[in-house]
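Chains, contacts and geometry: an overview
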Number of protein chains: 2
Amino acid sequence: MNDLSTRKIAELAEAVAWRRAATEMAATTTSDEGALELVELFFFAYRDFVGDADRLLENYGFGRAHHRVLHFVSRRPGLAIAGLLEILRITKQSLNRVLKQLLEAGFVEAREGVLDRRQRLLYPTPQGAKLARDLAALQTARFLKVMDELPPAARGAASEFLFAMIDYDERERVRAHLACAKAAGAAP
Amino acid sequence: MNDLSTRKIAELAEAVAWRRAATEMAATTTSDEGALELVELFFFAYRDFVGDADRLLENYGFGRAHHRVLHFVSRRPGLAIAGLLEILRITKQSLNRVLKQLLEAGFVEAREGVLDRRQRLLYPTPQGAKLARDLAALQTARFLKVMDELPPAARGAASEFLFAMIDYDERERVRAHLACAKAAGAAP
DNA sequence: TATTTACGTCAACTATATTGACATAAATCT
DNA sequence: AGATTTATGTCAATATAGTTGACGTAAATA
């Protein structure tokens, strides 16, 4: 039995133990105390979730802002500036500094819009696509591991749960974004 | 039929529609494409989750950093500086600026440790406790609403899912923190 | 032709974090 | 008792990510 399987067993035991605890407090999950636990779990989960990528980005001299831009450009190639601003909810001035660095470093390229020549449509370069894949791999790995730990019945629930956490008014936009990204991802 | 119930029905329909979509792609949830969707849903969910509190904090001239400090001090009264630094994963210099403002504004107070007089144990003032409650109410309201939208079977799954998202090495610490906070919350 | 839209840019500013160096008082080890 | 470690505070310089406001330009549109 190697370290990996020992670790694996420990993690599964971990998951089982937590599942028991979660079940026990299932009744209180809809209470304030249960909800407060969720608030903190969400904080810790997000902290660790972005931590993986942060470490990789350091090697490139990039930060989280670069990651977000690269990610969404890669997932939705041909995205215009305005679309990116809407997703990221930052000002164009703030985006510009980060985007300029990604353009200069050759991770993203901008092409003139065909329908509307004022637009600058953003695409990842091969180098950018590679980094985006590497970053995404870290994060999807975490999710795939989580799905592996969770009982099958709870797997679909994660997606439902996260979607329900999004502002009601934003859901349509997010759904459209995901559909677009899916289509773009299926193409190559 | 008032606006509220119309909205409520729309949201439930929303939830049902998404549940169908989530179930359809349940098979792909363990695939890379499904995991990529989760990555983005997590981003959007967190963005909206912190957005609520941000708006309230503006009225006080505080930011997210203040929120985090106030939150953890309120949830774990008597927390020492070192404990806070470990939870927030920031440097003491960074904490100090924010903490100083909270102390001066009378939202947090520090008492000399009884067992170890070098420690400064942090407590919320009544005013601080009130703000912490108001902020927490916004966030727990979102979770309670989500739990209401979700089918009962998926409710416990949210907690399991978030816990599984946390770094393995951090889980014990988080569990201890939650237990401690729960005990502190039960006392008064 | 007039207006709006999509974008770029300069400037000043804020918030949140970092590293590094140094200080102090209390606890603890030898 | 003296040396060391620990918990904390503080000064300074710097980085990153964001903001508001003002102004410019080219292309689309009314």
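Here the structure is shown first, and the text comes after it.
Right, let's walk through the structure included here.

The rules we used
- Residues numbered from 1 in each chain as written.
- Chains lettered and ligands numbered in written order.
- Predicted model: local features only at pLDDT ≥ 70, side-chain atom pairs only at ≥ 80, totals over all residues.
- Heavy atoms only, no water.
- Near = heavy atom within 4 Å.
- Polar contact = N/O pair within 3.5 Å; in protein donor to acceptor, adjacent residues only side chain to side chain.
- Helix = DSSP H or I, 4+ residues; strand = E, 2+ residues; numbered from the N terminus.
- Contact = heavy atoms within 4.5 Å.
- Least-squares fit on C-alpha atoms with pLDDT ≥ 70 in both.
- Pairing = 2+ DSSP bridges.
- Axes fitted to C-alpha atoms, helices over the stretch in contact; angles between N-to-C directions.

**Some remarks on the protein's contact with DNA strand C**
Taken together, 25 residues are adjacent to DNA strand C, and A:Lys92, A:Arg118, A:Arg120, B:Arg68 and B:Thr91 come closest. Of all DNA strand C atoms lying within 4 Å of any protein atom, the proportion belonging to sugar or phosphate reaches 62%. Here a base oxygen of DNA strand C and a side-chain polar atom of A:Arg118 are 2.3 Å apart. Between DNA strand C and B:Arg117, the relevant distance is 3.1 Å, taken from a phosphate oxygen to a main-chain nitrogen or oxygen of the residue. For the surface near DNA strand C, the secondary structure elements donating two or more residues are α4 (81-88) and α5 (92-104) of chain A together with α3 (64-75) and α5 (92-104) of chain B.

**Let's talk about the environment of A:Ala105**
Residues and elements named next belong to chain A. Topologically, Ala105 is positioned in the loop between α5 and β2 (108-112). Counting along the chain gives 22 residues from Ala105 to Gln127, while the straight-line C-alpha distance between them is 9.6 Å. Look past the residues within four positions of Ala105 in its chain and what remains in contact with it is Phe62 and Gln127.

**Quick look at the relation of the copies chain B and chain A**
Note on the identical chains: chain B maps onto chain A by a rotation of 180° and an axial translation of 0.0 Å, with an RMSD of 0.0 Å. In symmetry terms, the pair is related by a two-fold rotation axis. Most of the interface of chain B is mirrored in chain A, where 100% of its interface residues again form contacts.

**A look at the sheet that holds strand β2 (residues 108-112) of chain B**
Residue and element names in this part refer to chain B. Here we have three strands laid out as an open sheet, ordered β1-β3-β2, and antiparallel in their pairing. If you trace the sheet from one side to the other, it starts and ends with β1 (79-80) and β2, each paired once. In terms of strand pairing, β2 meets strand β3 (residues 120-124) through five bridges, oriented antiparallel. By the bridge assignment, Arg111 is partnered in β3 with Leu121. Of the strands in this sheet, β2 and β3 touch α5, which is tilted by about 100° from β2.

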